[in-house]
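What follows is each chain in one-letter form.
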2 protein chains.
Amino acid sequence: MADELTIERDAPNGDEFPPLRDENDNLSAAFMDELVAAIEAQDAGRARALTADVHEADVGAILEQLDPDQRPALIQLLGDAFDFTALTELDETTRVEILEELPPETVAEGMRELDSDDAVYILEDLDKEDRDEILAQIPPVERLALNRSLDYPEESAGRRMQTDFIAVAPFWTVGQTIDYMRDAQDLPESFHEIFVVDPAFHILGTVSLDRLLRAKRPVKVSDLVNEARHLIHATDDQEAAARLFQRYNLISAAVVDESDRLVGVLTIDDIVDVIQQEADEDIKRLGGVGDEEVSDRVWSIARSRFPWLFINLMTALAASFVIGLFQGELQKMVALAVLMPIVASQGGNAGTQTMTVAVRALAMRELGPHNVLRVVGRELVVGIMNGFIFAAIVGAMAVYRFGVADLGFVIAAAMMINLIAAALGGILIPLGLNRLKVDPAIASSAFVTTITDIVGFFSFLGFAALWFGKM
Amino acid sequence: MADELTIERDAPNGDEFPPLRDENDNLSAAFMDELVAAIEAQDAGRARALTADVHEADVGAILEQLDPDQRPALIQLLGDAFDFTALTELDETTRVEILEELPPETVAEGMRELDSDDAVYILEDLDKEDRDEILAQIPPVERLALNRSLDYPEESAGRRMQTDFIAVAPFWTVGQTIDYMRDAQDLPESFHEIFVVDPAFHILGTVSLDRLLRAKRPVKVSDLVNEARHLIHATDDQEAAARLFQRYNLISAAVVDESDRLVGVLTIDDIVDVIQQEADEDIKRLGGVGDEEVSDRVWSIARSRFPWLFINLMTALAASFVIGLFQGELQKMVALAVLMPIVASQGGNAGTQTMTVAVRALAMRELGPHNVLRVVGRELVVGIMNGFIFAAIVGAMAVYRFGVADLGFVIAAAMMINLIAAALGGILIPLGLNRLKVDPAIASSAFVTTITDIVGFFSFLGFAALWFGKM
């Protein structure tokens, strides 16, 4: 697909540009080098020519990969030619850094050309002072609409909705509706359905554009209307809205206020970003990193990773404390020290497996009251099965390596116990956190490995103490 | 939002149904219990009444949560009332199990009402024998189209595309086009743009429905056409197609064959599923589980998790081997055994953090040739910074706990080394795997923890051997 992009970019002028993306769909080194040279030479003409036919989403990707200082420099060089929509494609930290560098008048100017949802998306991450400074430069009517969206809670549907839409009365005909659309000035940039409302703007239903197109002009809109099955409240969480879109294959959906009046429309392109964001969040939380992005600065990365490492240190210290309880046994039999990490490590891995599936299933609402018992039971059985197999393997290996049959029994028993603990911990911890309304992705990992480390070391060294102590 | 669904389901008949979803957006226990009772009583009337107004996506979710034996039973009970589209919402293993249970005639019958992309989606997972048995019962024209899609590689755009679309000549007027759409019989169920083609079906561009609606009847289609910037080849990977949709906020895109002739259209609803799938795959691969789903059976889960646990066992054995090299030191100083897991564990965690960010950035094409050096350098600096901090913390703790100052220096030095190894391993391993065209999500985890375990134990015990051996 890189081909089309290249062709398209080369076409408009005779200049030989390097291709924007390479064969792996990455921004090409040649293009980036030329652009960086233009920025460093303050060559506005060259920078504009290079980016003239680049889609705003790609401009966003370019900004993300530039050095932090080069980002506002490029925007200043491009001037009018910079489409602020590109900023919606950036990670939050990058966007805020850029906006703080640019003069508020430039930002306000750029914002005026944006759709309302994009403008809100850009404004919402700024602190109140910067935001007010920009809003002050925007005409009152638009400012009012932006402020209304900003009044909804963060990550709500109200923040993501587009406030321009087409609403008609049920007694209008197809012809009237089409004529109205032909004449109207401030229509949204693109739309996929129109809304049918009563005089108080309560929504009666929707008509998709393909149905409207296929109907004859005298037909009444009320004859084409689809019940608006999937209403979204402006205060609903964007994640819940995304689930509706995904589950019912929606392209757009009406957003209503607390009195069920139509206030906006959510479209799939915004929702795709939400879906991506939420999946990204899950992955990063499971991996023990916060809202970190690959474009973040060293300092913010080190700071955001520190708490997770610190929690892990506490876990490791707890495990170390458990080991410390058995110093006598370790002294007597050094083989225990050699073998003990195996039990803990297998448990950690098995627990992570169960937890990963559970966290995703919870996020997708695939794990609910009806099947929860079955899933817990199944994990227990899987834990026992894998427990048996790995107990046999490590038991045999321990005997082979150290020539002590009893050591084989001890490690086998500990492995069995720890894989069962891992299975139960891996499923019950995410379920418990979910019940407590804590995102299971964020904390499960630390709890699960704490359990498998402690159970792993305690059962292995404890069994050893009992077994060899007896003799 | 559960409210609207409830209202809508209660409306059509007077019967008092339990709500489909509870306040957490899970399928409600009450609804599922009633449905299971109906299935067990073989009460077709009750089963149909319960599911009459349930969206096919929710029917899919219901099937997923039923016991494996109840799934085909419900479909048989519903008979004609079962919409096979529901099967597209299922996990692959569940879908295949159900299809193998149902008589081929029932499946073929149900398939005929599906859009071509949905039919392909259902057929592609079956083995050739079952698939041919079903295809044999489908009329030749439809069979031909399905076979053509099935000829494209797995996970390609050709498999996901819809083969019904509207294509017109550039010299047609808006009026002609609208009249054509009003009269045409076999239009796709819903569509968002029409395609403009030359007589050989080479694509000239697209016209969105809202542009068509807003134009006057005598206007030529060629005056409204948008250049089709984002062509997708039928053999392109679905993941690449999904990136295009996501990057450029597309709603639909033309799919062309090797001669650039229009053969189908990809729409955002299919792409949303691809985006979700790919994110899911990354999460699960990072967590060391394969294509496992929460609805899978015990046996297939135990089998799919085994290889990952086995690989981890090899890692743990390698770490254990390293420890075994220092049995003499461990014997002399048992404190080493107590402290050694801390160094390895912190390294594993720090490595996983770096790796998580790197894997996601690679998948999203945010980590390319232009910024790779900067990112690697940054990880190194973060590793050194966190290395310093945690070296100081654990060094102080070790001295406090065991009263041996030298032990503090040894563990501090080992921690420093291991956090640097973690940073480099966490970024270089995903980059290396990506270079080798191996999905970094699938293998990075095992490699990174192998490195941090081995470096962790070796550096700590090795420094101890050097330091205390000298004295």
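Because the structure is a prediction, the values reported are computed rather than measured.

Once that is clear, we can look at the relation of the copies chain B and chain A. With an RMSD of 0.0 Å, chain B superimposes on chain A once it is rotated by 180 degrees and translated 0.0 Å along the axis. Here the transformation between the copies is reduced to the relation of a two-fold axis. Of the interface residues in chain B, 100% have counterparts in chain A that sit at the interface too, so the contact is made through matching surfaces.

Moving on, we come to the pairing of strand S3 (residues 203-208) of chain A. All names here are of chain A. Of all the 6 residues making up S3, 5 are buried; the element is thus mostly covered by neighbouring parts of the structure. As paired strands, strand S2 (residues 193-197) and S3 are joined by 5 bridges and run antiparallel to one another. Residue pairing in the sheet places Glu193 in a bridge with Ser208 of S3. What sits between the antiparallel neighbours S2 and S3 is a turn of 5 residues, in which Phe201 has the positive phi angle 70 degrees.

The next point concerns the UniProt feature "domain: CBS" (unreviewed entry) in chain A. If you check UniProt for "domain: CBS" (unreviewed entry), the listed places come out as residues 225-281 of chain A in our numbering. Across residues 225-281 of chain A, helical content stands at 42% and strand content at 23%; the span's end C-alpha atoms are separated by 38 Å.

Moving on: the confidence of the model for chain A. Averaged over every residue, the pLDDT of chain A is 88; the share at 70 or more is 95%. The weakest mean pLDDT in chain A belongs to helix H1 (residues 2-10) of chain A at 38; the strongest belongs to helix H20 (residues 405-435) of chain A at 95.

Between chain B and chain A, the residue contacts involve 141 residues of the former and 141 residues of the latter. Carbon and sulfur atoms supply 60% of the area that chain B and chain A bury against each other, a total of about 12600 Å² over both sides. At the boundary of chain B with chain A, the tally comes to 10 salt bridges. Note that Asp25 of chain B is salt-bridged to Arg247 of chain A, the shortest N-O span being 3.1 Å. Counting across the interface, chain B meets chain A through 49 residue pairs in polar contact (both at pLDDT 80 or more). A per-class count over the side of chain B that touches chain A returns 71 nonpolar, 30 polar and 40 charged.

Attention now goes to the packing of aromatic side chains. All names here are of chain A. Evaluated as defined, the whole model comprises 15 aromatic pairs over all chains. Where Phe165 meets Phe195, the ring centres are 6.1 Å apart and the plane angle is 85 degrees; that geometry is what we call edge-to-face. Placement of Phe165 in the loop between helix H11 (157-160) and strand S1 (167-168) and of Phe195 in strand S2 is noted, with a sequence separation of 30 residues between them.

This paragraph deals with the nonpolar core. Of all hydrophobic cores here, the largest spans 73 residues; its most connected members are Leu330, Met340 and Phe460 of chain A together with Leu330, Met340 and Phe460 of chain B. If sequence neighbours within four positions are ignored, Leu330 of chain B has contacts with Val334 and Ala337 of chain A together with Ile323, Leu336, Ala337, Met340 and Leu461 of chain B. Listed in part, the 43 residues of the second largest apolar core include Leu27, Leu50, Val59 and Phe84 of chain B.

Our next topic: the domain arrangement of chain A. All names here are of chain A. One can read the domain layout of chain A as domain 1 (2-155), domain 2 (167-270) and domain 3 (298-470). Put simply, the middle of domain 1 and the middle of domain 2, counted by C-alpha atoms, are 31 Å apart. Taken together, the contact between domain 1 and domain 2 spans 5 residues of the former and 9 residues of the latter. Interface area for domain 1 against domain 2, summed over the two sides, is near 550 Å², with a carbon-plus-sulfur share of 40%. In terms of surface lost to domain 2, no three residues of domain 1 exceed Asp115, Tyr152 and Glu155, which account for 75% of the buried area on that side. Counting across the domain 1 and domain 2 interface gives 0 salt bridges. The tally of links between domain 1 and domain 2 comes to 1 residue pair in polar contact (both at pLDDT 80 or more). For the side of domain 1 that touches domain 2, a count of residues per class yields 2 nonpolar, no polar and 3 charged.

All names here are of chain B. One open sheet holds the 3 strands; their spatial order is S4-S5-S6, and the pairing between them is mixed. Bordering the open sheet on either side are strand S4 (232-233) and strand S6 (262-267), each of which pairs with just one other strand. Inspection of the sheet shows S4 paired to strand S5 (residues 252-256) by 2 bridges, in the parallel sense. If you follow His233 over to S5, its bridge partner there is Val256.

Further remarks concern the UniProt feature "transmembrane region" (unreviewed entry) in chain A. All names here are of chain A. Residues annotated in UniProt with the feature "transmembrane region" (unreviewed entry) correspond here to residues 306-326, 380-400, 407-429 and 441-468. Segment residues 380-400 splits into 100% helix and 0% strand. End C-alpha atoms: 30 Å apart. As a span, residues 441-468 carries 100% helix and 0% strand, and end to end its C-alpha atoms are 41 Å apart.

Residues and elements named next belong to chain B. Looking only at helix H9 (residues 128-135), the buried set comprises Arg131, Ile134 and Leu135. Relative to the axis of H9, the buried residues are bounded by an arc of 100 degrees and lie together on one face. Buried residues along H9 sit against helix H7 (104-111), helix H8 (116-123) and helix H10 (140-151).

What follows is about the packing of helix H18 (residues 335-363) of chain B against helix H20 (residues 405-435) of chain B. Helix-helix packing is characterised by the crossing angle of the two axes and by the distance between the axes. Residue and element names in this part refer to chain B. Interaxial distance between H18 and H20 falls to 8 Å at its minimum, and their mutual angle equals 25 degrees. Here H18 lies roughly parallel to H20, going by the angle between them. Here H18 runs over H20; the crossing is right-handed.

All right, on to the sheet that holds strand S6 (residues 262-267) of chain A then. Strands sit in the order S4-S5-S6 (chain A) across an open sheet of 3 strands; the sheet is mixed. Looking at which strands have only one partner, the edges of the open sheet turn out to be strand S4 (232-233) and S6 of chain A.

Residue and element names in this part refer to chain B. Looking at where Thr51 falls in the secondary structure, it is placed in helix H3 (residues 44-51). A distance of 2.9 Å separates a polar side-chain atom of Thr51 from the backbone oxygen of Ala47. Look past the residues within four positions of Thr51 in its chain and what remains in contact with it is Leu35 and Leu78.

This model, assessed by the stated rule, comprises 44 salt bridges over all chains. Between Arg374 of chain B and Asp67 of chain A there is a salt bridge; the shortest N-O distance is 2.9 Å. Of this pair, Arg374 of chain B sits in helix H19 (residues 372-402) while Asp67 of chain A sits in the loop between helix H4 (56-65) and helix H5 (70-78), placing the two residues on different chains. A residue is classified by how much of its surface remains accessible, and Asp67 of chain A, at 31% relative accessible area, is partly exposed. With a closest N to O distance of 2.8 Å, Asp179 of chain B and Arg217 of chain B form a salt bridge. Taken together, the residues Asp179 of chain B in helix H12 (residues 174-183) and Arg217 of chain B in the loop between helix H13 (209-214) and S4 connect sequence positions 38 residues apart. Taking the relative accessible area as the measure of exposure, Arg217 of chain B reaches 34% and is therefore partly exposed. What you see here is one network of salt bridges that share partners, running through Asp280 and Lys284 of chain A together with Asp282 and Arg360 of chain B.

Attention shifts here to the environment of Met161 of chain B. Residues and elements named next belong to chain B. Structurally, the position occupied by Met161 is in the loop between helix H11 (157-160) and strand S1 (167-168). In the structure, Met161 is positioned 43 residues away from Asp118 in sequence and 9.1 Å away in space, judged by C-alpha atoms. Excluding residues that lie within four positions of it along the chain, Met161 makes contacts with Ser116, Asp117, Ser149, Tyr152, Val255, Val263, Gly264, Val265 and Leu266.

What follows concerns the side chain of Arg182 of chain A. Within the fold, Arg182 of chain A resides in helix H12 (residues 174-183). Take Arg182 of chain A: its relative accessible area is 19%, and that puts it in the buried class. One polar contact links the side chain of Arg182 of chain A to the main-chain carbonyl oxygen of Leu213 of chain B, over a distance of 3.5 Å. Setting aside its immediate chain neighbours within four residues, Arg182 of chain A contacts Arg217 of chain A together with Leu213, Arg214, Ala215, Lys216 and Arg217 of chain B.

This paragraph deals with the pairing of strand S2 (residues 193-197) of chain B. Residues and elements named next belong to chain B. Burial analysis of S2 places 5 of its 5 residues in the buried class, the great majority of the element. Residues of S2 alternate between two faces, with Glu193, Phe195 and Val197 on one and Ile194 and Val196 on the opposite face, all of them buried. In this sheet, S2 lies alongside S1 in parallel orientation, the contact comprising 2 bridges. When the sheet's bridge partners are listed, Val168 is paired in S2 with Val196.

Quick notes on the rules
- Residues numbered from 1 in each chain as written.
- Chains lettered and ligands numbered in written order.
- Predicted model: local features only at pLDDT ≥ 70, side-chain atom pairs only at ≥ 80, totals over all residues.
- Heavy atoms only, no water.
- Least-squares fit on C-alpha atoms with pLDDT ≥ 70 in both.
- Contact = heavy atoms within 4.5 Å.
- Buried < 20%, exposed > 50% of the residue type's maximum accessible area, 1.4 Å probe, protein only.
- Helix = DSSP H or I, 4+ residues; strand = E, 2+ residues; numbered from the N terminus.
- Pairing = 2+ DSSP bridges.
- UniProt positions renumbered as here; feature names shortened; annotations may be inferred.
- pLDDT = per-residue confidence, 0-100.
- Buried area = accessible area lost by both parts, 1.4 Å probe.
- Salt bridge = Lys/Arg side-chain N within 4 Å of Asp/Glu carboxyl O.
- Polar contact = N/O pair within 3.5 Å; in protein donor to acceptor, adjacent residues only side chain to side chain.
- Nonpolar A, V, L, I, M, F, W, Y, C, P; charged D, E, K, R; others polar.
- Phe/Tyr/Trp six-rings, centres within 6.5 Å; stacked < 30°, edge-to-face > 60°.
- Core = buried A, V, L, I, M, F, W, Y, C linked by side-chain atoms within 4.5 Å.
- Domains from an automatic or database assignment.
- Arc of directions from axis to C-beta.
- Axes fitted to C-alpha atoms, helices over the stretch in contact; angles between N-to-C directions.
- Parallel < 35°, antiparallel > 145°, perpendicular 65-115°, else oblique.
- Left-handed = near helix turned anticlockwise from the far one by under 90°.

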